[in-house]
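Understanding the architecture of this molecule
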Amino acid sequence: MNHKDTETIFLTSATESVITPYMKVLLAIACGLAVANIYYAHPLLDSIANDFHIHPSTIGIVITVTQIFYAIGLIFLVPLGDLISPRRLILSQMFMMSVALVVICFSPSEIIFFLGIAIVGVLATITQTIVAYASTLSSPSERGSIVGFVTSGIVIGILLARTISGIVSDLGGWRAVYFTSAGFMLFIIFLLSQKLPNEPFRQSSLSYPKLLRSVLLLFAEERILLIRGTLALFIFATFSTLWTSLVLPLSAPPHSLSHTIIGAFGIAGIAGAIAAAKAGQFADRGLGQRTTGIALLLLVFSWALIDLINYSLLALVIGIILLDLAVQAVHVTNQSFILAVRPEARSRLTAAYMTFYSIGSAIGSITSTNMYDKFGWNGVCLLGASFSVIALIFWVITRKSTD
């Protein structure tokens, strides 16, 4: 296939970034607000379970459904960033997400709730379109740094989602969380409509079906995508194992914490945002493999501290910091490697890579709540540590082939 003839091409400079500091911040905020919508439910699982009479051992399905439909969005929506104007795609997708959030807020039944959650999962993939868009508008020398900065918005959104949802839920119930989010989404849509550049965009000669088939070809053609994608699967299985099940021991005796306090544990993970920004800079300097190895060692060690939840909440907080820092450092390094492969197919590369993320998150969410039901918190920690060790071993085996 002749990529130059058939792929989408942005008519932007190859040597200079067109992203202003304000636009960079705005894109990071937009990513954070969008991705938060699939994580608000984490500290609210017990309330949602009580409202819709879902058994606690299976309430993790809320997160699993979101991640499954997120994967669907990755496959069918994100590649559109290589076919139509990303500006148009970003604004329309975020507006539809606002409507879905209102549906969740007023859902009268479990079926409507899950329908709304599924739609939000599909549309939340707009964060990946934004990351690919930022990468396209960046110069090669700044690409890792800008991708890292925008991704830091995703990290902060994921982690503050738990804090915000906990506070809002304690004040007005879990439904108020989604209504509030819809309002914030409409506000950011307005700001984006004013500031996103109308960059010249050449229509691709690929049809939509061919565009989707080309995503599958990337798995066969780009070895680095498979390797870094597999790492993403394991690190996000680890990430989801912690955050899906953490509410269960913290809301039960002897802790019996409120949603507000449980959500506040997400603040500890903001160190991951720092890792996201710094890891991109390290990748620009050719230190991506070293960053990956150190981060995976920290990831394994973090579970030793997280396992001390019943003895020391301080140890838990330190463990959360290390885990989130490690996961985001590997994630941004992965993206920096992958997005440099084919500039003309960055949306499809992002979609392919993030499919691994979604699968890993779904595996972690459903297995962690079942492990907790059967083996308690020790079982959850063993599960998370196992995912982490597998990721480390896989990196050791494959690192030479991606140098």
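Above this text is the structure in question.
Numbering of residues begins from 1 in every chain and follows the order in which that chain's sequence is written. Reporting of local features is limited, given that this is a predicted model, to residues whose pLDDT is at least 70; pairs of side-chain atoms are given and counted only at 80 or more, and all residues count toward the totals for whole chains, interfaces and linings. Water and hydrogen atoms were dropped before computing side-chain values, which therefore reflect all heavy atoms in the structure.

**Here we look at the overall build of the protein**
Test applied: Note on conventions: DSSP H or I runs of at least 4 residues are helices, E runs of at least 2 residues are strands, and numbering of each starts at the N terminus. Only protein chains enter the area calculation, which uses a 1.4 Å probe; residues under 20% of their type maximum are buried, those over 50% are exposed, and those in between are partly exposed. By definition, residues are in contact when any of their heavy atoms lie within 4.5 Å. Only the protein chains shown count as cover for residues, and the accessible areas themselves come from Shrake-Rupley with a 1.4 Å probe. His is not counted, nor are the chain ends; Lys and Arg add positive charge and Asp and Glu add negative charge. Where a charge lies is defined by one atom per residue type, namely NZ (Lys), CZ (Arg), CG (Asp) and CD (Glu).
Per the secondary structure count, the protein includes 17 helices and two strands. Dimensions of the protein, computed from C-alpha atoms along their principal axes, come out at roughly 60 × 50 × 35 Å. Within the span of the protein, comprising 403 residues, buried residues form 59% of the whole. Put simply, 86% of the contacts in the protein that link residues at least 6 apart link residues at least 24 apart. As displayed, the protein offers around 15300 Å² of accessible surface, 69% of which is attributable to carbon and sulfur atoms. The distance from the centre of the 22 positive side-chain charges to the centre of the 18 negative ones in the protein is 7 Å.

**Concerning the pattern of salt bridges**
As a reminder of what qualifies: Any carboxyl oxygen of Asp or Glu within 4 Å of a side-chain nitrogen of Lys or Arg constitutes a salt bridge here.
Scanning all chains against the criterion turns up one salt bridge. A salt bridge links R175 to D51, with the shortest nitrogen-to-oxygen separation between them at 3.4 Å. Taken together, the residues span a long stretch of sequence, with R175 in helix α9 (residues 174-195) and D51 in helix α3 (residues 45-52) at a distance of 124 residues. A relative accessible area of 25% places R175 in the partly exposed class.

**A look at α9**
Put simply, the test is: Between the first and last residue of a helix there are one fewer steps than residues, each counted as 1.5 Å, and that sum is the expected span. When we speak of the arc, we mean the arc of directions from the helix axis to the C-beta atoms.
The first and last C-alpha atoms of α9 sit 33 Å apart over 22 residues, in line with the 32 Å expected at 1.5 Å per residue. Residues of α9 that are buried: W174, V177, Y178, S181, A182, M185, I188, I189 and L192. Projected down its long axis, α9 shows its buried positions confined to an angular sector of 140°, all on one face. Exposed residues pointing more than 90 degrees away from the buried face of α9 are listed as F187 and Q194. Considering only its buried residues, α9 is in contact with α2 (21-36), α3, α5 (86-105), α6 (110-123) and α8 (143-172).

**Considerations on the environment of V317**
Along the chain, V317 turns up in helix α16 (residues 313-339). Judged by relative accessible area, V317 falls into the partly exposed class, the value being 25%. C-alpha of V317 to C-alpha of L305: the two residues are 12 residues apart in sequence and 8.4 Å apart in space. If we ignore the near neighbours within four places in the chain, the residues touching V317 are F265 and A268.

**Concerning the nonpolar core**
Heads up, the rule is: The set of buried Ala, Val, Leu, Ile, Met, Phe, Trp, Tyr and Cys residues whose side-chain atoms join them within 4.5 Å is what this entry labels a nonpolar core.
Counting residues in each nonpolar core, the largest one holds 118 residues, and the members touching the most others are Y178, L192 and L246. Of all the elements, helix α17 (residues 346-398) adds the most residues to this core, at 15 residues. In this structure, L80, L83, L89 and L206 belong to the second largest nonpolar core, which totals five residues.

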